[in-house]
Structures are given as structure tokens and as C-alpha cells.
Amino acid sequence: MSAHIMKSVGSRKEKPMLLQKLRQRLKDEYTALCTYLTTAPMTASDLLNKSYEVVWKQEIMSLFDNIPEHNCRYSDDMLSWILSKDNALDFLYQTWRHTDYLLTSEFADLLYDELTVRKDGSNE
């Protein structure tokens, strides 16, 4: 039983380390992407075409930055698996893209609700 307790305690210590490592990796890969986009010979049109990717990669970074370390839903195995990818940020982005999930209706509802609150409350 003490071995099980030790393993649990060790796992609790490992998860924050893995999550921190992933956060730093995502930040580094995002910085590299931005450096590439600002230094590569690209037209304004090329940059505009990359804007969707850049915004979603920012959102992915934010998602992992805001996961509480004490309540991380991702297992150690999953965090390690993501970290094993050559480019973790691009892997997560491509995974998101392949979900075929559209946020348009949620966005429309949120915008409508916010506009309603502001109009009714004159909170401009």
C-alpha cells in the first residue's frame, strides 16, 4: 500500500512539471512561428492567410496556460505524448482543425447576449 501512495504522490509532482514543460514548449514554438512570419519573404496576402492559424495557436496556448495545475484533466501519459511530437503546437492545432467543429453559433449567441446586455444596461 505504501508503494501505491508513493506512486500517487510522485505522479502529482510529475503532472505540474509536465504541464509547465508543455506550456514553455508551446510558448517557444509560438515565438518561433511569429519570428518566421515576420522574417520570411511573405506577401501581405500570405500573412493574412496565416492569421487564422496564428489566432488559434494563441488560443491553444491560452487554454494550456489556464489549466489549474492541481486539476489538470490531461493525464501524464497524454502530456508526455503531446510533448513527444516534433512540434506540439502545430500538432494541437492540426488536431483542432480536424475536429470540423464550428464555433459560429456559439460566437453569434455570445455576441447577441453581450449586445443585449449593453443595450439594456446602456453599458457602452
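Residues numbered from 1 in each chain as written. Predicted model: local features only at pLDDT ≥ 70, side-chain atom pairs only at ≥ 80, totals over all residues. Heavy atoms only, no water.

Asker: Got a sec to walk through the packing of helix H2 (residues 44-65) against helix H4 (residues 88-97)? Specific residues and values, please.
Answerer: Where H2 contacts H4, the axes come no closer than 10 Å and their chain directions differ by 105°. In terms of orientation, H2 and H4 fall into the roughly perpendicular class. Across the interface between the two elements, Tyr52, Glu53, Trp56, Lys57, Ile60, Met61 and Phe64 of H2 pack against Leu89, Asp90, Leu92, Tyr93 and Trp96 of H4. When its residues are assigned to classes, the contact of H2 with H4 shows 9 nonpolar, no polar and 3 charged. (Axes fitted to C-alpha atoms, helices over the stretch in contact; angles between N-to-C directions. Helix = DSSP H or I, 4+ residues; strand = E, 2+ residues; numbered from the N terminus. Parallel < 35°, antiparallel > 145°, perpendicular 65-115°, else oblique. Contact = heavy atoms within 4.5 Å. Nonpolar A, V, L, I, M, F, W, Y, C, P; charged D, E, K, R; others polar.)

Asker: Any chance you could break down the pattern of salt bridges for me, citing the residues and the numbers?
Answerer: As enumerated under the stated definition, the model contains 6 salt bridges in all. For Glu69, the salt bridge goes to Arg23, with nearest N and O atoms at 3.0 Å. In this pair, Glu69 is assigned in the loop between H2 and helix H3 (76-83) and Arg23 in helix H1 (residues 2-39), connecting sequence segments 46 residues apart. Between Glu53 and Lys57 there is a salt bridge, with its nearest N and O atoms 2.7 Å apart. (Salt bridge = Lys/Arg side-chain N within 4 Å of Asp/Glu carboxyl O.)

Asker: Talk me through the side chain of Glu29; I want residue IDs and the actual numbers.
Answerer: Note on placement: Glu29 falls in helix H1. Apart from the residues within four sequence positions on either side, Glu29 is in contact with Asp86, Asn87, Ala88 and Leu89.

Asker: Report on H2, specifying residues and quantitative values.
Answerer: The first and last C-alpha atoms of H2 sit 30 Å apart over 22 residues, in line with the 32 Å expected at 1.5 Å per residue. Along its length, H2 reaches its greatest deviation from straightness, about 40°, at Lys50. Residues Glu53, Val54, Trp56, Lys57, Ile60, Met61 and Phe64 constitute the buried set of H2. (Expected span 1.5 Å × (residues − 1). Bend = angle between axes of the 7 residues up to and from the residue. Buried < 20%, exposed > 50% of the residue type's maximum accessible area, 1.4 Å probe, protein only.)

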